[in-house]
Amino acid sequence: MRNIFFIVLFFVFYSCENHRFDKDKRQIMAKDEIRYKLRRAQSFDIKGFKEDTLTAYPDSLFKRPIRYTLDFVYQDSNKVLQKRRGIVIFTPDGRSIISSNIDSTQ
C-alpha cells in the first residue's frame, strides 16, 4: 500500500506542467511563423534573436505582449541571398501569436 501511495504521488508531482521551456517553445513558434511566411525559402538561417516585453501596444486588449525579433538570411527562388528581420508578437502569456511580419531591410 505504501508503494502505491508513492507511485501515485510521483505521477501527480511530475504530471504538472513545466514552464522552464516556454521561451524555447516561443522561439520555435516564432521561427516557424516567419519561415511559413517566406514559403519557398531555401537555406533559412537565424543570425540574431531578441525577446522583449512591449509596454505599449496598439491593441488595448493585450497589455504587455511579448515581442520576438529574428534577424535571418535565406535564399529566395532566384538563388539570391536575402537578409531580413522578422517580428512576431505573442500574447502576454506567450501561448498564442497575435501578429507577425517581415521587414524588407535589416
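In this report, the structure presented in the accompanying data block is examined. Everything numeric here is computed off the predicted structure, so don't read it as measured data.

Right, let's talk about a nonpolar patch on the surface for a bit. A cluster of nonpolar residues, Phe-5, Phe-6 and Leu-9, forms a patch on the protein surface that exposes about 330 Å² of accessible area. Residue position: Phe-6 is located in helix α1 (residues 2-14).

Under the 1.5 Å per step criterion, the end-to-end length of helix α2 (residues 22-38) is 25 Å for 17 residues, consistent within 8% with the ideal 24 Å. Backbone geometry just after α2 places Arg-39 at a positive phi near 60°.

As enumerated under the stated definition, the model contains four aromatic pairs in all. Between Tyr-68 and Phe-90, the aromatic rings sit 5.3 Å apart at their centres with planes inclined by 70°, giving edge-to-face as the arrangement. Taken as a pair, Tyr-68 in strand β2 (residues 66-75) and Phe-90 in strand β3 (residues 81-90) lie far apart in primary sequence, 22 residues in all. Among the residues examined, Phe-90 registers a relative accessible area of 0% and is labelled buried. Taken together, Phe-44, Phe-72 and Tyr-74 form an aromatic cluster joined through their ring pairs.

Side-chain pairs of opposite charge can arise where the charged atoms are in close proximity. One pass over the structure, following the stated rule, counts five salt bridges. For Arg-67, the salt bridge identified is with Asp-52, shortest N-O distance 2.6 Å. In this pair, Arg-67 sits in strand β2 while Asp-52 sits in strand β1 (residues 42-53), placing the two residues 15 residues apart along the sequence. Look at Arg-67 and you get partly exposed, because its relative accessible area is 25%. Among the ionic pairs, Asp-71 bridges to Arg-85, the shortest N-O distance being 2.6 Å. With Asp-71 in strand β2 and Arg-85 in strand β3, this residue pair connects regions lying 14 residues apart in the sequence. Among the residues examined, Asp-71 registers a relative accessible area of 15% and is labelled buried.

With that settled, consider the pairing of strand β4 (residues 97-103). Where β3 lies against β4, six bridges are found, and the strand directions are antiparallel. Bridge pairing links Phe-90 to Ile-97 in β4. Between β3 and β4, which pair antiparallel in sequence order, lie six residues; one of them, Gly-94, sits at a positive phi of approximately 80°.

The rules behind each value
Residues numbered from 1 in each chain as written. Predicted model: local features only at pLDDT ≥ 70, side-chain atom pairs only at ≥ 80, totals over all residues. Heavy atoms only, no water. Patch = residues over 30% accessible without salt bridge, like charges linked within 9 Å, V, L, I, M, F, W, Y side chains within 5 Å. Areas by Shrake-Rupley, 256 points an atom, 1.4 Å probe, with all protein chains shown as cover. Salt bridge = Lys/Arg side-chain N within 4 Å of Asp/Glu carboxyl O. Helix = DSSP H or I, 4+ residues; strand = E, 2+ residues; numbered from the N terminus. Expected span 1.5 Å × (residues − 1). Phe/Tyr/Trp six-rings, centres within 6.5 Å; stacked < 30°, edge-to-face > 60°. Buried < 20%, exposed > 50% of the residue type's maximum accessible area, 1.4 Å probe, protein only. Pairing = 2+ DSSP bridges.

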